[in-house]
Amino acid sequence: MPRVSSRNGHRPQSFASVEEVTSRLGDVGYLADRALATTVFLQARLGKPLLLEGPAGVGKTELAKALAAATGRPLLRLQCYEGQDETKALYEWDYGKQMLYTQILREKIAQIVADADDLAGAVEAIGAHDSVFFSERFLAERPLLRAIRSPEPVVLLVDEVDRADEALEAVLLEMLAEYQVSVPELGTFTARHVPLVVLTSNNTRDLSAALKRRCLHLFLGYPSAERELEIIRSKSTGLPEAVAGHLVDVVRGLREQGLRKPPGISEAIDWARTLALLGATEPDTALLEDTISVVAKYERDVERALRVLPVLVEGERPVPVPETGGADDPGTGAALRAARDTPGRHGSGYYGERTGTQAAPRRVSGSQGERSFVANHGRRTR
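Everything quoted here is computed from the prediction, not taken from an experiment. (Residues numbered from 1 in each chain as written. Predicted model: local features only at pLDDT ≥ 70, side-chain atom pairs only at ≥ 80, totals over all residues. Heavy atoms only, no water.)

Engineer: Looking at this structure, how should I read the packing of aromatic side chains?
Structural biologist: For any pair of aromatic rings, the description consists of the separation of the ring centres together with the inter-plane angle of the planes. Going through the model one piece at a time under the given rule, you end up with 0 aromatic pairs. Stacked on the ring of Phe189, the Lys or Arg Arg149 has its end atom at 4.7 Å from the ring centre. Above the ring of Tyr298, the side-chain terminus of Arg260 is found at 4.1 Å from the ring centroid. (Phe/Tyr/Trp six-rings, centres within 6.5 Å; stacked < 30°, edge-to-face > 60°. Lys NZ or Arg CZ within 6 Å of the ring centre and 35° of its normal.)

Pasting the structure below:
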């Protein structure tokens, strides 16, 4: 059954069919395939968060923006980063404002405690006015709490959640499960309208099973050549059709070269716009080489791309290069970690066990060990 708001009983805005998802996203410039449109349809009907995983630049963040535009909802965005804590994601107290109010009301506070007979009575008198000092006027909302307390339905984008620490995932669990946020000083806020939540991940680390369990999951990879050409065409880059088709082939060829940052769809669109601004009317190796920095973001990637560009422009497919480059290549680290986990890689006897050709280790008596320790402990250093 569709999930409803826990406060006013209104159903969150949703789509009537999978075809309507495709149509309305297309109207705002986002081309969704059948699998993605189906997942978005289920997200809107079930009221569950959507977790999008995949390489950078394939349209994960753009989907949230398009979803907001297609449904007419405001977009709230939480950009995650390493070391982020809940005060940057949920809320924080404006202590400076609290202190200012306290100073301004100092005379009034003195009047309240004037009739108290002792300290306990003064505390009771102040305690009766707790709501004055711990109220929503001192609550600075952050995106998560703002999405819960919003008077209208919103789209909440939690971008690059894999870059945040595990502690932020724990904060998200309550919200994504019950669409509520607990503020110890004020109580629990429950969503007036269930937000459409989109979480994105570039797979820099594994997310917890508890977080994934609360979400619909979809992996977004690189599209087919036909769909990528269709996406570039829909962006009105101004690049001639023949050149755009050839550019797609070049970009797809670069993705097979083991680059540290393979070019995504967004880079392909930027490259198409760049070539159109420079007046490209046909595939031109020199022009592609001059603008390679649009899609290659690292020096090593630029050098590798320049080596294969002439071959790609001629329509040939160079031999794919595995991702085992320099020391900064993620593939190298992954290969080394995998090698360290290979069973029996050290051979017999490495961990001290006896083998057929090894002599038994010489036993050290307790007194000998004690004498050695005492001698070393008493030795002076200079």
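Now that the structure has been shown, the text picks up again.
Engineer: When you look at the packing of helix α13 (residues 241-254) against helix α16 (residues 299-313) in this model, what are you seeing that I'm missing?
Structural biologist: For any two helices packed against each other, one specifies the crossing angle of their axes together with the interaxial distance. Between α13 and α16, the shortest axis-to-axis distance is 10 Å and the interhelical angle comes to 140°. By the criterion of interaxial angle, the relationship of α13 to α16 is oblique. Like other packed secondary-structure pairs, α13 and α16 cross with a definite hand, here right-handed. Two secondary-structure elements touch here, α13 through His246, Val250, Gly253 and Leu254 and α16 through Ala305, Val308, Leu309, Leu312 and Val313. Considered class by class, the residues forming the contact of α13 with α16 number 7 nonpolar, 2 polar and no charged. (Axes fitted to C-alpha atoms, helices over the stretch in contact; angles between N-to-C directions. Helix = DSSP H or I, 4+ residues; strand = E, 2+ residues; numbered from the N terminus. Parallel < 35°, antiparallel > 145°, perpendicular 65-115°, else oblique. Left-handed = near helix turned anticlockwise from the far one by under 90°. Contact = heavy atoms within 4.5 Å. Nonpolar A, V, L, I, M, F, W, Y, C, P; charged D, E, K, R; others polar.)

Engineer: Even after reading the chapter, I still don't get the sheet that holds strand β2 (residues 75-79), so can you show me in this structure?
Structural biologist: The strand order across the open sheet formed by 5 strands is β2-β5-β8-β1-β9, and the pairing between neighbours is parallel. For this open sheet the edge positions go to β2 and β9 (216-219), each flanked by a neighbour on one side alone. Neighbour-to-neighbour, the strand axes of the sheet open up by a mean angle of 20°, direction not taken into account. Of the strand pairs in this sheet, strand β1 (residues 50-53) and strand β8 (residues 196-201) are connected by 4 bridges, and their pairing is parallel. Along β8, the bridge assignment pairs Glu53 with Ser201. Along the sheet face, helix α2 (residues 34-46) touches β1, β8 and β9 and points at about 165° away from the line of β9. (Pairing = 2+ DSSP bridges.)

Engineer: Looking at this structure, how should I read empty space enclosed by the protein?
Structural biologist: Taking a probe equal in size to a water molecule and rolling it over the atoms shows the remaining empty space. All told, the structure shown has 1 cavity of 30 Å³ or more when counted by the stated rule. As for the largest cavity, its lining consists of Val243, His246, Leu247, Val250, Leu275, Ala280, Glu282, Pro283, Asp284, Leu287 and Leu288. Top element by residues in the lining of the largest cavity is α13. It accounts for 4 residues. Along the lines of polarity and charge, the residues of the lining of the largest cavity split into 8 nonpolar, 1 polar and 2 charged. (1 Å grid on protein atoms, 1.4 Å probe; cavity = no way out; pocket = protein on both sides within 12 Å on 5 of 7 lines; lining within 4 Å. Points joined across faces, edges and corners; volume = space filled by probe spheres on them.)

Engineer: Is there a simple way to explain a negative patch on the surface in this structure?
Structural biologist: Taken together, the side chains of Glu282, Asp284, Glu289 and Asp290 make up a negatively charged region of the molecular surface. Mapped onto the fold, Asp284 is located in the loop between α14 (265-277) and α15 (285-290). On the basis of relative accessibility, which here comes to 36%, the residue Asp284 falls in the partly exposed class. (Patch = residues over 30% accessible without salt bridge, like charges linked within 9 Å, V, L, I, M, F, W, Y side chains within 5 Å. Areas by Shrake-Rupley, 256 points an atom, 1.4 Å probe, with all protein chains shown as cover. Salt bridge = Lys/Arg side-chain N within 4 Å of Asp/Glu carboxyl O. Lys, Arg positive; Asp, Glu negative; His and termini not counted. Charge placed at Lys NZ, Arg CZ, Asp CG, Glu CD. Buried < 20%, exposed > 50% of the residue type's maximum accessible area, 1.4 Å probe, protein only.)

Engineer: In this structure, what is going on with α14? I would like to understand it.
Structural biologist: Residue pairs three or four apart in sequence face the same way in an α-helix, which turns once every 3.6 residues. In a regular helix each residue adds 1.5 Å, so 13 residues correspond to 18 Å; α14 covers 19 Å between its end C-alpha atoms and thus fits that length. Turning to α14, its buried residues are Ile265, Glu267, Ala268, Ile269, Trp271, Ala272 and Leu275. Packing partners of the buried residues in α14 comprise α12 (225-234), α13, α15 and α16. Looking at the residues trailing α14, positive phi occurs at Gly279, about 75°. (Expected span 1.5 Å × (residues − 1).)

Engineer: I tried to follow the pattern of salt bridges on my own but got confused; where do I start?
Structural biologist: Side chains carrying opposite charge are able to pair once their charged atoms draw close together. Scanning the model with the defined rule gives 13 salt bridges in all. One salt-bridge network, held together by shared partners, links Glu141, Arg146 and Arg149.

Engineer: Sorry if this is basic, but what is going on with unusual backbone geometry here?
Structural biologist: The phi torsion of most residues other than glycine is negative, and most of the peptide bonds are trans. Phi is positive for Asn203, close to 65°, though the residue is something other than glycine. Looking at the secondary structure, you find Asn203 in the loop between β8 and α11 (209-213). Accessibility expressed as a relative area gives 40% for Asn203, which makes it partly exposed. Despite not being glycine, Ser236 shows a phi value in the positive range, around 55°. Topologically, Ser236 is positioned in the loop between α12 and α13. A relative accessible area of 62% means that Ser236 is categorised as exposed.

Taken by themselves, the reported measurements are silent on function.
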